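Observations on the model geometry
Residues per chain, in single letters:
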Amino acid sequence: MTERPPQRTPNRQLAALIAEAGFSNAGLARRVDQLGLEHGLDLRYDKTSVTRWLRGQQPRGTTPALIAEVFTRRLGRRLSAQDLGLDACAPVYAGLEFAGSPEEAVDIVSGLWRKDSGSHAELRKIAFTPAGLVVPSRDWLIGRADDRVARGDAPLRVPVQGRPAVPRQRTQTERGPGQKVTGGDIAALRSVGELFRALDHAYGGGHARQALVRYLEHEAEPMLRGSYGEQTGRRLFDAVADLTRLAGWTSYDIAAHGLAQRYFVQALRLAQAAGDRMYGSYVLVTMSRQAVYLGHGREAVQLARVAQQGVGSSPPPAVQALLHAVEARGHGLLGEVRACTSSLVRAERALDAVRAGDEVPHWARFFDEAQLADEFAHCYRDLQQYRAAAQHAERSLQLRSPGFARSRLFCRVVLASARLGLGELDAACLLGAEAAAAAADMRSVRAHEYVREFERRLEPYRDAGPVRGYRDKVAALG
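Report follows, based on the coordinates. This one's a predicted model, so the numbers in the text were calculated from it and none came from an experiment. (Residues numbered from 1 in each chain as written. Predicted model: local features only at pLDDT ≥ 70, side-chain atom pairs only at ≥ 80, totals over all residues. Heavy atoms only, no water.)

1. Observations regarding unusual backbone geometry
In the Ramachandran plot, Ala-255 falls in the positive-phi region, its phi being about 70 degrees despite a non-glycine side chain. Relative to the helices and strands, Ala-255 is located in the loop between helix 9 (230–253) and helix 10 (257–274). Within the chain, Gln-384 stands out as a residue other than glycine whose phi angle is a positive 60 degrees. Taking the relative accessible area as the measure of exposure, Gln-384 reaches 58% and is therefore exposed. (Helix = DSSP H or I, 4+ residues; strand = E, 2+ residues; numbered from the N terminus. Buried < 20%, exposed > 50% of the residue type's maximum accessible area, 1.4 Å probe, protein only.)

See below:
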């Protein structure tokens, strides 16, 4: 006798939510496909797929999490895969959501820290998705600072007049906040940020990235779930946004691009909770830099422009200079000479307007003449204006502090490429060998990729004596 396949139980939870949301089967499938595209997934669901889900078939992979997100957006409340009668899976796309509240933001980012500090190696393999930039940057631009971020140990029951309140035992989920956050706690967060930033500049993002993530998990999360007033809470969210952006930056430096993207989105949401529009613009600048590195010039320009819109008309001149310079990098990648030049001129004028004693956010203080010259050099290299690129790269190297070892390496490679473009093969190979030696001492995929990109430019000259000498020097590095 032929065995019949086991009967599936109809998914009544999913059916009820489809009815509540007013979706047709085809409409739900279309929305799941569209959300998949936001996260770099090419899904091909249709109304028949939804019919199978309603009959009890369980979709595979990340699809249950995607379906739950579709309903969350439609119905305005957080729903999980289990709420839809679907098997939960590891939502590898999670982290690109722009949370609806500070509490939800803390839940999302702390979940990211916990997964990243553990043995979830797949997190570092998640792909970057340009489509995933659209919703968070839009929501930040049109969003307002949260009305309230303070957390306190409020009473569970208000006494009736003339009758004493009877305390009841709290459940685990109802227990009030833990530690009281102080100004000293926030100062410690800032100091830790400076330490990890210095390590990143000198030795690359891979040197202490995991230590930073564990610090966020074990120190920052308890503070966010602690007790604090409104002013302290805003400062706390600001400090944690800065550390979260740095976790993203170090992830980006080791080529964990999808993970970095998620950290940047969450840093952007934490900055909104802090009410710090200028820092939010800096997170968008960071996202724009990653887009340039990955070859997404149009997205890079859009992110830089959203940052400019969101910060208002009168940020400090150093911040203006940074915003315009980053837009220039996107135009340079796209080969848009006029737009690139215009943005560089605006950046230069803004930096010229900086005066001694001006109040500059701590995160913008690095943007000085050395950094602006570096931006010019990268742009002119991309535009194949090699003489100008070489001049600005040399100036940047003259002005740049030795502590910015990775930035100096990048600039040295740009100078080597410019010398090569000018036909100066000996000088190019000498500079390239110096950069390769510096990269050997760093845990930075970007540093090594800069060197490899220079070597690709050398390929047409592979039989020339200087190139053979370059290869010998690099081989000796081990």
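2. Thoughts on helix 19 (residues 445–458)
In a regular helix each residue adds 1.5 Å, so 14 residues correspond to 20 Å; helix 19 covers 20 Å between its end C-alpha atoms and thus fits that length. Within the span of helix 19, buried status applies to Arg-446, Ala-447, Tyr-450, Val-451, Phe-454 and Leu-458. For helix 19, the angular spread of the buried residues around the axis is 145 degrees, confining them to a single face. (Expected span 1.5 Å × (residues − 1). Arc of directions from axis to C-beta.)

3. Examining the packing of aromatic side chains
For the coordinates displayed, the defined rule picks out 11 aromatic pairs. Between Tyr-279 and Trp-363, the ring centres sit 6.0 Å apart and the planes meet at 80 degrees, which makes this aromatic pair edge-to-face. Of this pair, Tyr-279 sits in helix 11 (residues 277–293) while Trp-363 sits in the loop between helix 14 (337–352) and helix 15 (369–382); the two residues are 84 residues apart in sequence, bridging distant segments of the chain. Taken as a pair, Tyr-279 and Trp-363 share a single burial class, namely buried. Relative to Tyr-450, the ring of Phe-410 has its centre 4.1 Å away and its plane inclined at 20 degrees; by these criteria the two rings are stacked. (Phe/Tyr/Trp six-rings, centres within 6.5 Å; stacked < 30°, edge-to-face > 60°.)

Don't take any of this as a statement about function, it's just geometry.
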